[in-house]
Amino acid sequence: MINQNRDSSRTTFAAWIRRIAFGALAAATVATGCRKATTASVEELYATRTLGLGYLQRNQLPEAEAEFKKLTTMAPDDALGYAD
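For the structure given in this document, a descriptive report is provided here. Model, not experiment: these values are computed from the prediction. (Residues numbered from 1 in each chain as written. Predicted model: local features only at pLDDT ≥ 70, side-chain atom pairs only at ≥ 80, totals over all residues. Heavy atoms only, no water.)

**Some thoughts on the overall build of the protein chain**
For clarity, the cut-off: A run of DSSP states H or I qualifies as a helix once it reaches four residues; a run of E qualifies as a strand once it reaches two. Both are numbered from the N-terminal end. Per-residue accessibility, obtained with a 1.4 Å probe over protein chains only, is compared with the maximum for each type, and a residue is labelled buried under 20%, exposed over 50%, and partly exposed between these values. Residues count as neighbours in contact if any of their non-hydrogen atoms are within 4.5 Å of one another. Per-residue and other accessible areas were derived by the Shrake-Rupley procedure at a 1.4 Å probe size, with only the shown protein chains allowed to occlude residues.
Assigned secondary structure in the protein chain consists of three helices and zero strands. Listing the helices and strands of the protein chain from first to last along the sequence gives α-α-α. Out of the 84 residues in the protein chain, the part that is buried amounts to 26%. In the protein chain, the proportion of contacts linking residues at least 24 apart, taken out of those at least 6 apart, comes to 47%. Surface accessibility of the protein chain: about 6000 Å² in total, with carbon and sulfur atoms responsible for 59%.

**Some thoughts on the nonpolar core**
A general trend in soluble globular proteins is that nonpolar side chains are found buried together. The condition is simple: What makes a nonpolar core is a set of buried Ala, Val, Leu, Ile, Met, Phe, Trp, Tyr and Cys residues whose side-chain atoms join them at distances within 4.5 Å.
Ala 40, Leu 45, Leu 71, Met 74 and Ala 75 together form the largest nonpolar core, which totals five residues. Leave out the neighbours within four places in its chain, and Met 74 touches Ala 40, Glu 44, Leu 45 and Thr 48.

**Let's talk about the environment of Gln 57**
Residue placement: Gln 57 occurs in helix H2 (residues 42-57). When neighbours within four sequence positions are excluded, Gln 57 is seen to be in contact with Phe 13 and Trp 16.

**Quick word on the packing of H2 against helix H3 (residues 61-74)**
The condition is simple: Every axis corresponds to a line fitted to the C-alpha atoms, with the helix fit spanning only the stretch in contact, and the corresponding angles, defined between N-to-C directions, vary from 0 to 180 degrees. Roughly parallel covers angles under 35 degrees, roughly antiparallel covers those over 145, roughly perpendicular covers 65 to 115, and oblique covers all other angles. Crossing chirality is assigned from the near helix's rotation relative to the far helix, an anticlockwise turn below a right angle marking it left-handed and a clockwise turn marking it right-handed. Residue classes follow a fixed rule: Ala, Val, Leu, Ile, Met, Phe, Trp, Tyr, Cys and Pro count as nonpolar, while Asp, Glu, Lys and Arg count as charged, and any other residue, Gly among them, counts as polar.
Close contact between H2 and H3 brings their axes to 7 Å; oriented N to C, the two are set at 160°. In terms of orientation, H2 and H3 fall into the roughly antiparallel class. The hand of the H2/H3 crossing is left-handed. In this structure, H2 uses Glu 44, Leu 45, Thr 48, Arg 49, Leu 51, Gly 52, Leu 53, Tyr 55 and Leu 56 to contact H3, whose residues at the interface are Leu 61, Glu 63, Ala 64, Glu 67, Phe 68, Lys 70, Leu 71 and Met 74. Of the residues contributing to the contact of H2 with H3, the split by class is 10 nonpolar, two polar and five charged.

**Here we look at H2**
Heads up, the rule is: One fewer than the residue count of a helix, multiplied by 1.5 Å, yields its expected span.
In this model, H2 (16 residues) spans 22 Å end to end at C-alpha, consistent with the 22 Å of a helix rising 1.5 Å per residue. Phi turns positive, to about 60°, at Asn 59, one or two residues after H2.

**Thoughts on H3**
Selection criterion: Along the arc lie the directions from the helix axis toward the C-beta atoms.
When the terminal C-alpha atoms of H3 are compared, their 20 Å separation across 14 residues agrees well with the 20 Å that a helix rising 1.5 Å per residue should span. Among all positions of H3, only Ala 64, Glu 67, Phe 68, Leu 71, Thr 72 and Met 74 are buried. Along the long axis of H3, the arc covered by the buried residues comes to 160°, so they all point the same way. Within H3, the exposed residues directed more than 90 degrees away from the buried face are Pro 62 and Thr 73. Buried residues along H3 sit against H2.

No statement about biological role is implied by the geometric values presented.
Take a look at the structure:
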C-alpha cells in the first residue's frame, strides 16, 4: 500500500511538472513571438524558470529567489519571472 501511494504521488508530481513545463514553454513562445527579440533565448528563459520552480518546490527559497531575479533580469518585460 505504501509503494502504491508513493508511485501515485510520483505520477502526480511528474504530471504537475509536465503541465508547468508545457505552460512555461507555451507562454515563452508566445511572449517572444509578440515582441522584439531578447538577448536570452527561449531555452535559457525556460531553464531558468524551471530551475526556480524546482527550488521553490523543495522550499529552497534563497536559490529560487536568485533564479527568479535572474529571469527578470534576462527578460524584464516577460511576466513569467514575476508570476511566482
